[in-house]
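An overview of the molecular structure
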Amino acid sequence: MAQIDQLFKVMVAQSASDLHLSSGSSPYLRIHGEMVKLDHPVLNNEGVQALVFEILTDKQKRNFVENWELDCSYAVNGLGRFRCNVFMQRRGLGAVFRIIPEKLKTVEELGLPGIVNKMMDVPRGLILVTGPTGSGKSTTLAAMLHTINKTQRQHILTIEDPIEFVPSSQLSLINQREVSSHT
């Protein structure tokens, strides 16, 4: 078990959406939209790097060193999946981890407008889902794919950066590819 998994356990236990690590600071959780400082020693650059690099593949580490930024995902059995953004900041390394809900919500549960259902019936085209961080883009797309998967016999191919929601094939066959890892 990676050392950072202990912080993920605290995150899940406190119903936090995000875990923030920043060189020169104690870890923070985002709970109901508010930043909450954990009772944890201040992390220096080496401490953040040790926590983060332990869960990265060699390819991801090289990618980070080359670009000073990395998006990836990480799963902890029995706990959940996490979207990771690792970056450099003024004091050194930083990272934000967002929990990815295991249960996919439906279009109806999200309260999306009826036009979304019509878009899922169109055989070809391009649909753009845009918005700021945390606005529900990935959740909206996952709900749409979940609906198609339950109601249509299609081949669903996604190209994601990183893969977040991991649905199982039902009526449709789902193949997910992660940028850099699979394509």
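Coordinates for the structure precede this section.
Since the structure is predicted, the reported quantities are computational estimates derived from the model, not experimental observations.

Describing the sheet that holds strand β1 (residues 18-22)
Across the sheet, which stays open at both edges, the 6 strands sit in the order β3-β2-β1-β6-β5-β4 with antiparallel pairing between neighbours. Bordering the open sheet on either side are β3 (34-37) and β4 (69-76), each of which pairs with just one other strand. This sheet shows a mean twist of 25 degrees between the axes of neighbouring strands, independent of strand direction. With 9 bridges joining them, strand β5 (residues 80-89) and strand β6 (residues 92-100) adopt antiparallel strand pairing. Paired with Val86 across the bridge in β6 is Ala95. Most of the contacts of helix α1 (residues 4-13) go to β1, to which it runs at about 140 degrees, and overall it touches β1, β2 (28-31), β4, β5 and β6.

Some remarks on the side chain of Ser23
Relative to the helices and strands, Ser23 is located in the loop between β1 and β2. Relative accessible area serves as the criterion here: at 1%, Ser23 is assigned to the buried category. There is a polar contact of 2.7 Å between the side chain of Ser23 and the backbone oxygen of Leu93. Contacts of Ser23, omitting those with residues within four sequence positions, involve Leu43, Asn44, Asn45, Val48, Gln89, Arg91, Gly92 and Leu93.

Side note on the nonpolar core
Ile4, Phe8, Leu19, Leu21, Val52, Tyr74 and Phe97 are the most contacted members of the largest nonpolar core, which totals 30 residues. Where this core is concerned, the elements lending two or more residues are α1, β1, β2, α2 (45-53), β4, β5 and β6. When sequence neighbours within four positions are dropped, the list of residues in contact with Tyr74 reads Ala2, Asp5, Phe8, Ile55, Gly80, Arg81, Phe82 and Cys84. Met120, Met144, Ile156 and Ile174 belong to the second-largest nonpolar core, a separate cluster that totals 8 residues.

Things to note about unusual backbone geometry
The amide bond that connects Asp161 to the next residue, Pro162, takes the cis arrangement and shows omega of -5 degrees. Relative to the assigned elements, Pro162 resides in the loop between β7 (155-160) and β8 (173-178). Positive phi, close to 55 degrees, is recorded for Ser15, a residue that is not glycine. Within the secondary structure, Ser15 is located in the loop between α1 and β1. The exposure class of Ser15 is exposed, given its relative accessible area of 52%.

Conventions adopted
- Residues numbered from 1 in each chain as written.
- Predicted model: local features only at pLDDT ≥ 70, side-chain atom pairs only at ≥ 80, totals over all residues.
- Heavy atoms only, no water.
- Pairing = 2+ DSSP bridges.
- Helix = DSSP H or I, 4+ residues; strand = E, 2+ residues; numbered from the N terminus.
- Axes fitted to C-alpha atoms, helices over the stretch in contact; angles between N-to-C directions.
- Contact = heavy atoms within 4.5 Å.
- Buried < 20%, exposed > 50% of the residue type's maximum accessible area, 1.4 Å probe, protein only.
- Polar contact = N/O pair within 3.5 Å; in protein donor to acceptor, adjacent residues only side chain to side chain.
- Core = buried A, V, L, I, M, F, W, Y, C linked by side-chain atoms within 4.5 Å.

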